[in-house]
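# Working through the structure, step by step
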Amino acid sequence: MFALIDCNNFFVSCERVFRPDLENKPVIVLSNNDGCAIARSNEAKLLGIPMGAPLFEIRHLVKAYDIQVLSCNFELYGDMSRRVMNILQQECEKVEVYSVDEAFLEFNDSINWAEEGDRLRKHILQCTGIPTSIGFGPTKTLAKLANLESKVRGISCYIDHTKAYHDNLKAIPVAKIWGIGTRLNKSLKEHGVYTAYDLMTTDPAWARRKYNVIVERTLRELGGISCLSLSLIQESKKSIQITRSLSEPVQDLETLKQIIARYGFRLAHKLRASSQKTMTIWVYARNSRYRSEKPVFHQQTIVLAAPTNDTTSIITLAQQAVESFFDPTVAYHKLGIMAIDLRDANAPSAKELFVSVNQSRKPDIDKVMDSINQRFGLGTVRPLSCGQSVGWMNKRDHKTPAYTTNWKTLVEVKAK
DNA sequence: TCTGGGGTCCTAGGACCC
DNA sequence: TCTGGGGTCCTAGGACCC
């Protein structure tokens, strides 16, 4: 038996742990640059704020209902996520961390799911302050659906393919199923498939022919046949990227080079943190999707002679890429750098046999930089090419402190 | 005025091999 | 006029996820 446990309105819940005054109030957490609402409390959802709503479009609601607006604080969410997952790993033998706020669990079929679910939810709430929902089922896809029901009802739930649950399945729109996105939803509806029950009772061979193996699998999973197993070991990443929208458009080459240097700096740091090196770097820049008359997308792919996670090399290559495609008439609004074709840093490739002595000594600098930054915060020491903070930095006007990861911003409690 | 960031998997088609 | 059969690898693009 599978279970999906999921933190309720995760980012908002993290904020509420340290801001109890936000309980029972409508709260939203914004994306980078305070652009869109990426997390909403139940109260905010009830006010009709959709996921991803741009802040400027909902200003009137924020004002009218005194919605509490917060900038994103990923340091906090990442740390809270680790705490929740650690607890799960202590409590269950088989845990697959699926995302920042979700995990799949696997249990013996004979467990009392209601009891087990309530126990876990209580325990997590007590240890971290984060409320969760939990759904059980004979497959991952059904456990996901049961989790939806758990969210609505506030208790542990179970769903399977048998007759006893057909009414539940008939009440679930096909778009809510894991793996059915907007395109598939539209197409399925055109073929008369509206609910989870409809999809479950569709011919798998047709699904394979008409769509692909993923849809076929989803359909079989709905029918109680487990096609997706738990991945207990965290596979190493296949790509790592840093992309950001700029808070204001940039048309100046030197500024763009500084920005991409910062992204390259973070990318190299991430690569080292996951003990990986990259063989290929992809850099792109584009104008605004919303404002510009003509979409512009500039990009360059750089294939390296040998895999690297060296800050200086990555920054140099990224800046060369930006120089090569830079066009002074374009107002750049978003930049990104991506490392693809990753290798295990601890398993040197034959190509690395030929790097110069000079280059092979460089990682020491990165090591020192990483250890200082680990202690005092990323960016405390950084290459000169990253420049000083200027206008294009991320806008975060409503950010809460890093309560759990920075000594300077720990919460103070006064006892009388 | 103002619109997020970071991933994965699958498939079709082209290039190339013998 | 008529031009094999079988295979692998790579890439771009589409769709999905949170």
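Here goes a summary of the coordinates provided. (Residues numbered from 1 in each chain as written. Chains lettered and ligands numbered in written order. Predicted model: local features only at pLDDT ≥ 70, side-chain atom pairs only at ≥ 80, totals over all residues. Heavy atoms only, no water.)

## Regarding the pattern of salt bridges
All told, the structure shown has 19 salt bridges when counted by the stated rule. Of the charged contacts in the structure, one is a salt bridge between Glu43 and Arg16, with a shortest N-O distance of 3.1 Å. Here Arg16 lies in helix H1 (residues 10–18) and Glu43 lies in helix H2 (residues 42–46), a separation of 27 residues in the sequence. Residues Asp341 and Arg343 are paired through a salt bridge, measuring 3.1 Å at the closest nitrogen-oxygen approach. Under the relative-accessibility criterion, Asp341 is labelled partly exposed at 37%. Since its relative accessible area comes to 31%, Arg343 is described here as partly exposed. Because the salt bridges share partners, they merge into one network encompassing Asp79, Arg82 and Arg83. (Salt bridge = Lys/Arg side-chain N within 4 Å of Asp/Glu carboxyl O. Helix = DSSP H or I, 4+ residues; strand = E, 2+ residues; numbered from the N terminus. Buried < 20%, exposed > 50% of the residue type's maximum accessible area, 1.4 Å probe, protein only.)

## Quick word on the protein's contact with DNA strand B
Surrounding DNA strand B, one finds 23 residues, the nearest of these being Ser31, Gln241, Thr243, Ser245 and Arg291. Of all DNA strand B atoms lying within 4 Å of any protein atom, the proportion belonging to sugar or phosphate reaches 74%. Ser245 places a main-chain nitrogen or oxygen 2.7 Å from a phosphate oxygen of DNA strand B. The dominant element in the surface near DNA strand B, judged by the number of residues it contributes, is strand S9 (residues 239–250), at seven residues. (Near = heavy atom within 4 Å. Polar contact = N/O pair within 3.5 Å; in protein donor to acceptor, adjacent residues only side chain to side chain.)

## Points about the nonpolar core
Of all hydrophobic cores here, the largest spans 33 residues; its most connected members are Ile5, Phe10, Val29, Tyr77, Leu88, Leu105 and Leu120. Elements with a contribution of two residues or more to this core: strand S1 (2–7), H1, strand S2 (27–30), helix H4 (74–91), strand S6 (102–106), helix H5 (113–128) and strand S7 (132–137). At seven residues, H4 tops the list of elements feeding residues into this core. In contact with Leu105, not counting residues within four places along its chain, are Met1, Phe2, Ala3, Ile5, Leu88, Cys92, Lys94, Val95, Leu120, Ile134 and Leu230. The next biggest cluster of nonpolar side chains, apart from the first, holds 28 residues, and it includes Leu256, Phe325, Leu335 and Leu342. (Core = buried A, V, L, I, M, F, W, Y, C linked by side-chain atoms within 4.5 Å. Contact = heavy atoms within 4.5 Å.)

## Remarks on a nonpolar patch on the surface
Residues Val368, Ile372 and Phe376 make up a contiguous nonpolar surface patch of roughly 270 Å² in combined accessible area. Among the secondary structure elements, Ile372 is positioned in helix H15 (residues 363–376). With relative accessibility at 30%, the residue Ile372 sits in the partly exposed group. (Patch = residues over 30% accessible without salt bridge, like charges linked within 9 Å, V, L, I, M, F, W, Y side chains within 5 Å. Areas by Shrake-Rupley, 256 points an atom, 1.4 Å probe, with all protein chains shown as cover.)

## Examining the side chain of Gln276
Looking at where Gln276 falls in the secondary structure, it is placed in strand S10 (residues 276–286). At 2.9 Å, the side chain of Gln276 forms a polar contact with the side chain of Ser274.

## Here we look at the protein's contact with DNA strand C
The immediate surroundings of DNA strand C are formed by 13 residues, with Ser99, Lys144, Gly179, Arg183 and Leu184 found nearest. Within 4 Å of the protein, atoms of DNA strand C come from sugar and phosphate in 100% of cases. With respect to DNA strand C, the side chain of Ser99 contributes an N or O atom lying 2.9 Å from a sugar or linking oxygen. Residue Glu102 places a side-chain N or O atom 3.0 Å away from a sugar or linking oxygen belonging to DNA strand C. Among the secondary structure elements, those contributing two or more residues to the surface near DNA strand C are strand S5 (94–99) and helix H8 (182–190). The element contributing the most residues to the surface near DNA strand C is H8, with three residues. Class assignment of the residues belonging to the surface near DNA strand C gives a composition of five nonpolar, four polar and four charged. (Nonpolar A, V, L, I, M, F, W, Y, C, P; charged D, E, K, R; others polar.)

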